[in-house]
Amino acid sequence: MVNDALPNRILSGTVVVKPNIDRFTPNGIIFKGESQETPCDVVLLATGYKVSFPFISQSLIPTDKNQVELYKYMFSPKLAHPKTLAFISLAQPVGALLPIGEMESRWFAQLMANKLSLPDRQTMYEDIESKRIFMKRFYESDRHTIQVDWLDFMDELAAQVGVKPPLFKYFFTDPELWRALAFGPSLPYQYRLEGPHSWSGARDAILTVENRIKSPLKTRLPDSRKRRGTKSLLNITRFVGLILFMIFAYLLNLIL
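Treat the numbers as computed from the prediction; the structure is a model and nothing was measured.

*Asks:* In this structure, what is going on with the overall build of the protein? I would like to understand it.
*Replies:* The helix and strand inventory of the protein stands at eight helices and seven strands. Taken against the 2.2 N^0.38 rule, which gives 18 Å for 256 residues, the C-alpha radius of gyration of the protein at 25 Å runs more than 25% over that of a compact globule. C-alpha extents for the protein along the principal axes are approximately 75 × 55 × 35 Å. Looking at the 256 residues of the protein, the share that counts as buried comes to 30%. Carbon and sulfur atoms make up 58% of the accessible area of the protein, which totals about 18000 Å². Side chains of the protein carry 32 positive and 25 negative charges; the gap between the two charge centres is 8 Å.

*Asks:* Looking at this model, I keep getting lost on the sheet that holds strand 2 (residues 28–31). Mind explaining?
*Replies:* Strand pairing within a sheet occurs via backbone hydrogen bonds; the two strands may be parallel or antiparallel. Across the sheet, which stays open at both edges, the three strands sit in the order 1-2-3 with antiparallel pairing between neighbours. Each edge of the open sheet carries a strand with a single partner, namely strand 1 (21–25) and strand 3 (38–39). Two elements, strand 1 and strand 2, share four bridges in a ladder whose sense is antiparallel. Among the inter-strand pairings, T25 is bridged to a residue of strand 2, identified as G28.

*Asks:* Just checking my understanding: could you explain the pairing of strand 2 for this structure?
*Replies:* In summary, the side chains of a regular strand alternate between the two faces of the sheet. Remark: two residues form the turn of the hairpin made by strand 1 and strand 2, two consecutive strands paired antiparallel. Of the pairings in the sheet, the one linking strand 2 to strand 3 comprises two bridges and is antiparallel in character. Note on strand 3: the bridge partner recorded for G28 is P39. Counting the residues in the hairpin turn of strand 2 and strand 3 gives six residues, including G33, whose phi is positive at 85 degrees.

About the thresholds
- Residues numbered from 1 in each chain as written.
- Predicted model: local features only at pLDDT ≥ 70, side-chain atom pairs only at ≥ 80, totals over all residues.
- Heavy atoms only, no water.
- Helix = DSSP H or I, 4+ residues; strand = E, 2+ residues; numbered from the N terminus.
- Rg over C-alpha atoms; globule rule 2.2 N^0.38 Å.
- Buried < 20%, exposed > 50% of the residue type's maximum accessible area, 1.4 Å probe, protein only.
- Areas by Shrake-Rupley, 256 points an atom, 1.4 Å probe, with all protein chains shown as cover.
- Lys, Arg positive; Asp, Glu negative; His and termini not counted.
- Charge placed at Lys NZ, Arg CZ, Asp CG, Glu CD.
- Pairing = 2+ DSSP bridges.

Have a look at this one:
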């Protein structure tokens, strides 16, 4: 799995990059371009997954080279009743998959309870096409057909369920929570603040996580008037800057 630690592992020699496998031997592997055997105890074939549904007719849910036409990667506009068949966690996020599956389950439950409804087919096909355009940021391969950015996709799903955090509202009513949502880590808790399936402890959970992250970075400063005055001036400057930014964003939204 490509991650931030991999380059350091390669530089330190604890991970060795090898070419493709040429053939297996009774006790190991011979790589292409090499003649000597590399002894191996275990070989992990990290080939990924094939998007295929052999238990469903291709006439209903056709797949081709890992590509499938699903609204939000969940519902097929081709079905007579699209909401009755949902594919949960059929996504490849840059982030955690389980919160996406949970959000999709919440959406599906609301649909089956007739508390929500899917948009018309034209809207669903337009969303599918927008996802295809998004895929152009990756190199063309069977691997990148259901790729999503975690936060953007979670916000999309949350908007459908009615649980997307109202940042503009919190800016005025709960500045501490707004700051945590705007500048802190993105947490699944934020989708339990309001709407269906809300949780009374979501706010405290978000602030607790943010404080735990910030606490190692805090340094103790001398308790002097000069320090307090500088900090107060900095807070005022930040607050004024945030107000101006919100006004600018609002005016820009009206223009566009």
